[in-house]
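Okay, here's what each chain looks like letter by letter:
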Amino acid sequence: MQLKKALKVLEAVLAATALAGGWLHATGNTDNPYGEPFRLECTAYYEGEVTASGQEVREGICAGKREWLGLTCIMYEDDGGKPGACIGIYEMLDTGGEPRIKDGSCIDVYMPGREECLEWGRRTVWVQLVEAEG
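Residues numbered from 1 in each chain as written. Predicted model: local features only at pLDDT ≥ 70, side-chain atom pairs only at ≥ 80, totals over all residues. Heavy atoms only, no water.

### So, the overall build of the protein chain
We count it as follows: By the criteria applied, helices consist of DSSP H or I runs no shorter than four residues and strands consist of E runs no shorter than two, each listed in order from the N terminus. Three exposure classes are used, based on accessible area relative to the maximum for each residue type with a 1.4 Å probe and protein chains only: buried under 20%, partly exposed in between, and exposed over 50%. Contacts are assigned to residue pairs with any non-hydrogen atoms lying within 4.5 Å of each other. Exposure was quantified through the Shrake-Rupley algorithm and a 1.4 Å probe, taking into account, for residues, occlusion by the shown protein chains and nothing else.
Counting its regular elements, the protein chain contains three helices and six strands. The buried share of the protein chain, taken over its 134 residues, is 41%. Counting contacts in the protein chain only where the partners sit at least 6 residues apart, residues at least 24 apart contribute 74% of the total. When the accessible surface of the protein chain is summed, it comes to about 7,500 Å², and 50% of that surface belongs to carbon and sulfur atoms.

Shown next as structure tokens:
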């Protein structure tokens with residue numbers, strides 16, 4: 001099952017890279033079945049023990065809008081208003097109490113400590129949400 005998830009995520013990353021590089025031109029949702037990456041703000045958190053999904057907090061997860069719970073989040077740098085290099089792949093296993101997280105204008109990535117959160121800061125990123133289980 002992990003291979004199935006990895007293949008879906010890889011396909012989504014390749015499609016987003018192709019769109020960002022101009023190799024594909026989205027017309028509706030046909031060229032990229034996972035939807036185009038979208039821009040939002042990203043912060044970091046390190047407190048808490050259990051996520052909204054019931055799993056323990058750990059690196060590799062993020063918090064977002066409740067409707068996104070369970071999806072895979074592929075995160076890209078903001079490269080002058082378009083998706084840049086892939087930052088990482090996160091499991092959307094948590095939700096946040098902050099209004100910007102609840103309304104989907106911000107996501108929060110889990111970091112192991114305060115210093116890492118301060119280093120991450122507040123940044124604009126592009127995310128692509130993928131239904132990839134397993």
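### Here we look at the pairing of strand β4 (residues 83-94)
Basically, it comes down to this: Note on pairing: two strands pair once DSSP finds at least 2 bridges between them.
As judged from the three bridges shared by strand β2 (residues 61-63) and β4, these two strands associate in the parallel manner. Within β4, the residue paired with I61 across the bridge is E91. Examined bridge by bridge, strand β3 (residues 72-78) and β4 share six bridges and lie antiparallel to one another. For D78, the partnering residue across the bridge sits in β4 and is P83. Connecting the antiparallel pair β3 and β4 is a turn made up of four residues, with G80 showing a positive phi of about 65 degrees.

### Regarding the confidence of the model for the protein chain
Note the cut-off: Within a predicted model, pLDDT stands for the predictor's per-residue confidence, ranging from 0 to 100.
Summing up the model confidence of the protein chain, the mean pLDDT is 82 and the portion of residues at 70 or higher is 73%. Of all secondary-structure elements in the protein chain, the lowest mean pLDDT belongs to helix α1 (residues 2-20), at 54, while helix α3 (residues 114-120) reaches the highest, 97.

### What to know about a negative patch on the surface
Spelled out, the test is: For patch building, the residue pool is restricted to those with more than 30% relative accessible area and no salt bridge; the joining distance is 9 Å between like charges and 5 Å between nonpolar side chains (Val, Leu, Ile, Met, Phe, Trp, Tyr). Put simply, a salt bridge is a Lys or Arg side-chain nitrogen that is within 4 Å of an Asp or Glu carboxyl oxygen. His is not counted, nor are the chain ends, whereas Lys and Arg count as positive and Asp and Glu as negative. Where a charge sits is defined by one atom per residue type, namely NZ (Lys), CZ (Arg), CG (Asp) or CD (Glu).
A surface patch of like charges, here negative, comprises E59, E115, E116 and E119. Take E115: it is sitting in helix α3. Looking at E115, the relative accessible area reads 55%, which means it is exposed.

### Brief notes about the pattern of salt bridges
Working definition: two side chains of opposite charge can pair if their charged atoms are close together. Taken as a whole and judged by the stated rule, the model has five salt bridges. Residue E98 pairs with R100 through a salt bridge whose shortest N-O separation is 2.5 Å. Overlapping salt bridges bring together E41, E98, R100 and R122 as one network.

### Quick look at the packing of aromatic side chains
Heads up, the condition is: Pairing of aromatic side chains here covers Phe, Tyr and the six-membered ring of Trp, requires ring centres within 6.5 Å, and sorts the geometry by plane angle: under 30 degrees stacked, over 60 edge-to-face, intermediate tilted. In this scheme, Lys NZ or Arg CZ marks a charge over a ring once it lies within 6 Å of the ring centre and within 35 degrees of the ring normal.
Taken as a whole, this structure holds two aromatic pairs when the rule is applied. Their ring planes at 55 degrees and their centres at 5.8 Å tell us that F38 and W68 sit as a pair that is tilted. Taken together, the residues F38 in strand β1 (residues 38-45) and W68 in the loop between β2 and β3 connect sequence positions 30 residues apart. One cation-aromatic arrangement involves R123 over W120; the distance from NZ or CZ to the ring centre is 3.6 Å.

### Concerning the nonpolar core
Selection rule: Buried Ala, Val, Leu, Ile, Met, Phe, Trp, Tyr and Cys residues that are joined via side-chain atoms within 4.5 Å together make up what is termed a nonpolar core.
Counting residues in each nonpolar core, the largest one holds 18 residues, and the members touching the most others are C73, M75, I107, V109 and W120. Elements with a contribution of two residues or more to this core: β1, β3, β4, β5 (106-110), α3 and β6 (123-130). Residues contacting V109, with those up to four places away along its chain left out, are C42, T43, A44, Y45, I61, C62, M75, Y90 and W120. Within the second largest apolar cluster, six residues are counted, among which are V57, I61, A63 and Y110.

### Quick notes on the sheet that holds β1
Think of a sheet as strands paired side by side through backbone hydrogen bonds, with each pair either parallel or antiparallel. Heads up, the rule is: Orientation is described by axes fitted as lines to C-alpha atoms, over the contacting stretch for helices, and by angles from 0 to 180 degrees between their N-to-C directions.
Taking strand neighbours around the barrel as the criterion, the six strands line up as β1-β5-β2-β4-β3-β6 in a closed arrangement whose pairing is mixed. When the angles between neighbouring strand axes are averaged without regard to direction, this sheet yields 50 degrees. Sheet analysis places β1 next to β6, joined by five bridges and oriented antiparallel. Residue pairing for β6: E41 is matched across the bridge by T124.

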